[in-house]
Structure formats: structure tokens, C-alpha cells
Amino acid sequence: MSDTDTDTTPARTDAVVIGGGPAGLFAALTLVRAGRRVALLEAGGDMRESLCSRLVARMDGRSVRDAEKFRLQCPRCTCLTGLGGAAFHFDTNLGYISSLTRSKIESAPDGTVRSYSGLERALGSFDRAEELIAEAYRTLYELGLPPAEPVHAERDASFGAIFQHVDTALSQSVTVDDSLVVIARLKTELEENGGRVLLHHRAEDVEPLDGGGFEVRAATPGGPAVFRADDVVVGVGKLGLPWVRELIGRIGVRHRPSRRVDLGVRLETRREDLARLLDGCHNPKLSFLNEEGHSVRTFCVCGGGRVMQYGFLNAVALDGQHCLNQPTSKSNLGVLTTIDLPEGTDGTEYAAAFAARVADYGRGLPVVSTVDQLAGRPVPEGPLTTSLINYHHGDLRECLPPSLVRDVLAMVERLNALHPGLVPGTATVAAPVVERLFPDIELSGDLESSVPGLYFVGDSSSKIIGITYGAATGMAAARSVLRRRAGMATVTGGDQ
Ligand SMILES: Cc1cc2nc3c(=O)[nH]c(=O)nc-3n(C[C@H](O)[C@H](O)[C@H](O)COP(=O)(O)OP(=O)(O)OC[C@H]3O[C@@H](n4cnc5c(N)ncnc54)[C@H](O)[C@@H]3O)c2cc1C
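What counts, and at which threshold
Residues numbered from 1 in each chain as written. Predicted model: local features only at pLDDT ≥ 70, side-chain atom pairs only at ≥ 80, totals over all residues. Heavy atoms only, no water. Near = heavy atom within 4 Å. Polar contact = N/O pair within 3.5 Å; in protein donor to acceptor, adjacent residues only side chain to side chain. Helix = DSSP H or I, 4+ residues; strand = E, 2+ residues; numbered from the N terminus. Nonpolar A, V, L, I, M, F, W, Y, C, P; charged D, E, K, R; others polar. Axes fitted to C-alpha atoms, helices over the stretch in contact; angles between N-to-C directions. Parallel < 35°, antiparallel > 145°, perpendicular 65-115°, else oblique. Contact = heavy atoms within 4.5 Å. Pairing = 2+ DSSP bridges.

J.: Please set out the site of the ligand residue by residue, giving values where relevant.
T.: The full set close to the ligand counts 34 residues, and E42, T81, T92, N93 and G466 are the nearest of them. Within the side chain of E42, a nitrogen or oxygen atom sits 2.6 Å from an oxygen atom of the ligand. Contact between the ligand and T81: an oxygen atom at 2.4 Å from a side-chain N or O atom of the residue. For the shell around the ligand, the secondary structure elements donating two or more residues are helix 1 (22-33), strand 3 (38-42), strand 4 (92-94), strand 10 (202-208) and strand 19 (315-321). Among the residues forming the shell around the ligand, the class breakdown is 14 nonpolar, 15 polar and five charged.

Following this line, the structure appears as C-alpha cells:
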């Protein structure tokens, strides 16, 4: 079967990787470098192709980057799909350039504050997580990512007096132009090593076979395609959530409903207001525990960036976008509260209901208020400080849980204690932001599920999010595949 042929006669391969985001791409690369035959199925097209048709109609010969502001403002077109995955479609920021840090906190049983890294939890070892992040960076540099300029800056000592945890680890910026080079080279290397990168192949079914291995069915523009493989690595990202939920239920992958979700907002203000926070660190992660003992934290700080929206679970969700080559006059940052849900509550449903409540109130659009409005203070007349184009200017107190309103205001208060005026009353608060939504899939430290040979990596692992974390989990899964297969070859060899 050729790359573009479709057939219902199964094509035989060693491994099928589902999803061409960082997690799937790094899994596939690790496998082909070790000589395994891999078919990588990506539902979308290549990076340029995944621009939506409405955008293309408006591009008029402008560059991909010039077009970003239109693309990211279309609530119903998703720019999170296509080779490269969600974040490589725009300027972005990778964390942990020099060494991995523990950026999250939780309240320990003895009442103390404990910090941890999501990747360390997923892989079961901090050292292993650190080694895989270093490997991800080495690979990205080999593929043409220009190494970051070192930044030398003094850490502001007052951070530690105001927040319970401060992580100002250096990060690496990646422009969309860099990503285009990296992803194109990655695709070339996969193909030169015998890998098949199959665009417009949406996996629809994964069926474990009696006696081992899997059959994977995909929909393609030319009709169905079928693959047989020893191992399957699933890296379908956030947009793959409905499919993963359905799949794990149907084939009996052990999982539980997620009991912990991260919900939040994006704060946005003038670039000069937030500049003092970003002195010497692109992405400061500042956390405290709220009165229920849950973490409230900043994340994905975008200096000179934009707030972007995408269609998600019948609603919209917001994220931050970096605009490295053409910074805007605004900066935004996420504020997330971790919510532990009571037994019997399904986190995915809870987060979807949260997003739907905001969308209902906003008549299908994200909702924007000012900080003053959120705090119940009189609101002066004047335009809103928001980079969003399609939004509803309303009162977020009408649709956000009161505890989230309280946590956002507490974060604003702390940021202003750090530097007075950092977040003025005219700054905007936009919702909804939803993270950590996947069912809690039971996975080994190699990301292997209860169905042997079936792995879940990246955002769809339910354990981590982020580009380098995704790449690290993809590599961990691929190394596990290689070990298993090497072990089996030895056993088979011994039998002969
Ligand atoms: C706006 C925005 C900004 C972000 N900024 C940053 C940042 O600055 N730094 C950072 O580290 N992270 C950032 N993230 C998060 C980051 O994008 C993700 O954590 C990361 O891309 C996850 O990688 P992944 O490979 O798991 O999934 P994804 O990157 O989501 O890729 C999954 C791929 O699978 C494909 N797919 C889905 N379903 C199927 C199917 N059934 N069959 C075949 N293919 C399928 C999709 O088309 C997609 O290409 C951002 C995310 C967003 C949305």
C-alpha cells in the first residue's frame, strides 16, 4: 500500500503512532532511528496546510505569521491540528532549558507545601525526566532549532516573600518560522529512515488482536485504511480527548474519571505594566495554596502576546500565544486553580460544563471583564485592554465559580504586592481556560496502558501538558517499545 493509497487489506508495520504533535513525532523519530518500521497517522495536513480556509481567503499573500491574528480569532476553526501539533503552529516557548525544575505545588499530608514536576510523576523519576528533557532539546537543536541566547538576570528576592513557590527557570523561545524548519526536517528524517508520515489519516479505531498486536483503522479522504502493528502509541493531544475517552471505554483500557482539573482565566494588560514581571524570565511560574489547599498559579506568560481562542467540546477555550517577531502592545498570563473534585464527579464533564456555562453566558464567545468589575468596583468608561477580537464583554461573576473569582483576585493582589500597578484595575480577565481534562488513564512509568503494547503520550497521556514534556513522554514510550521488542527477539532467538 502506498502512502496515499487506501485499502482495507491491513498494511503491516512494526508500530503505529497516532498523532503528529510533539509527543507522536518524538515517539516516531526514536523508533525509526532504532530501525523500526513506523506509520505515523496525522488527522490534519502539514503545518502550512492547516491554516483554515477563512484565513487563507484573507491572507492575500501575507506570511503565515502575519496571518496569525486572524487565524487565532476564529472560534470555530481549530489551529491545533496538523503535523507539528497544537503549539508549533505559532510562536511558542519551551520550558526548562538548563535543567528541569519542580514548578507545581500541592499541600502534603503533613500540611507542608510540596513541589513536584508533572513529568517526574508521569515517569516515576526526576532524573529520568531530566535526562529525557535534555534529549528532547538535543534533538530539537539537531533539527535546526537555534539555541536560545543565555539570559543573565538577578531574581527578584521579593517573589519568595509573596508566593509559596517561585519557578523562574529559563525557557527557550521558538518562532513559527523555526517550527516550520524543525517539523519539515523531522518529517524528512522520518521518511529517510523508512517511516511513513500519513497526513489526513484520522485514526478511528484501535483493536487489540488475539495473540498480540493491534489493528488500527483510519479514515482518509480516499476511504478507509487499515494497519496491523505490534505496538501503538497514541498522542492525539487535547482535541483527541473525545476519541480517547470513547476508545479507552470500548477496549477496556483501565482508567478512572479525572478527579482533578485546572480551570482558570487569562489576565491581560498593557505590555509595559507586566514588563517588570518578565525581567530576566520569560515565563515565571508563581504559586500559592488557596484556603482549600489547592494550588493557584500563573502559567504560560506571554509578553507582547495575544489571547487566542479555539473550539473545544462544544464551547470555546482560551490560551496564550507568543508573538515573538511582532510583539503586540499587550501581555497576558494564565491563572489556573487546581480543583479536586468529590468522589463520583467526572473531571472532564465538570470542565466541559464550566466552559459551556461561560459560552452560554457569552452567547458562544469567550467572556471578558475587567479586574475592577471582577472585584465589584465601579468600572470606568473606555475600551477594554484585550487582544481578543471576538468576545462578549460581560460580568464574569455571573458565570465563574465564586472560588475561582476569589482566587483570581488573590493572584492579582499578590502580583500587585510584588510590583504596585503590575495588574491595574483596567486589566482584563478572560474566560474560560481549561486544562488537565483527560480521564486518569492507568499508565506505567513508560506510559504503557493496561493493554500491553498500547501507549498514551503527551497531552493525551492524562499526566502532563507542554511541548517538551510531550516529546519526553513520546521518547519514553518509544524506548519501552524498543526494550520490549529487543527482549522478545532475544527470547525468540533463544528458542530457535
Ligand atoms: C494556544 C496554545 C499555546 C500553547 N503554548 C505552549 C507553549 O508556549 N509551550 C508549551 O510547552 N506548550 C504550549 N501549549 C501546549 C502544547 O501545545 C501541548 O501541550 C502539546 O502540543 C501537546 O503535544 P501532543 O503531541 O500531546 O498533542 P498535540 O500537539 O495536540 O498534537 C496532537 C496531534 O494529533 C492529531 N490527532 C488528533 N486526533 C487524531 C486522530 N484520531 N488520528 C490522527 N491524528 C489525530 C492532531 O491533529 C494533532 O496534530 C500551548 C497550547 C495551545 C493550545
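Moving on, there is more to tell.
J.: Outline the environment of R36, supporting the account with residue identities and numerical values.
T.: For R36, the location among the structural elements is in the loop between helix 1 and strand 3. It is 36 Å that separates the C-alpha atoms of R36 and H322, two residues lying 286 residues apart in sequence. Of the polar contacts made by the side chain of R36, one reaches the side chain of D230; its length is 3.4 Å.

J.: Describe the packing of helix 1 against helix 5 (residues 126-142), listing the residues and the values that go with them.
T.: Orientation of helix 1 relative to helix 5, taken along the N-to-C sense of each, is 80°, at an axis distance of 12 Å. In terms of their interaxial angle, helix 1 and helix 5 are classed as roughly perpendicular. Note on element contacts: helix 5 touches helix 1 through A136, T139, L140 and E142, opposite F26, L29 and R33. The residue inventory of the contact of helix 1 with helix 5, partitioned by class, reads four nonpolar, one polar and two charged.

J.: Talk me through the sheet that holds strand 23 (residues 428-435); I want residue IDs and the actual numbers.
T.: Pairing within the open sheet is mixed, and its eight strands lie in the order 7-16-17-20-15-23-21-22. This sheet does not close on itself; its edge strands, each paired only once, are strand 7 (165-167) and strand 22 (392-393). Pairing of strand 21 (residues 367-370) with strand 23 involves four bridges; the strand directions are antiparallel. Counted as the bridge partner of V368 is A430 from strand 23. The strands touched by helix 12 (residues 402-418) are strand 15 (260-270), strand 16 (285-289), strand 17 (295-302), strand 20 (330-340) and strand 23; relative to strand 16, the strand with the most contacts, the crossing angle is about 125°.

Keep in mind these numbers describe shape, not what the thing actually does.
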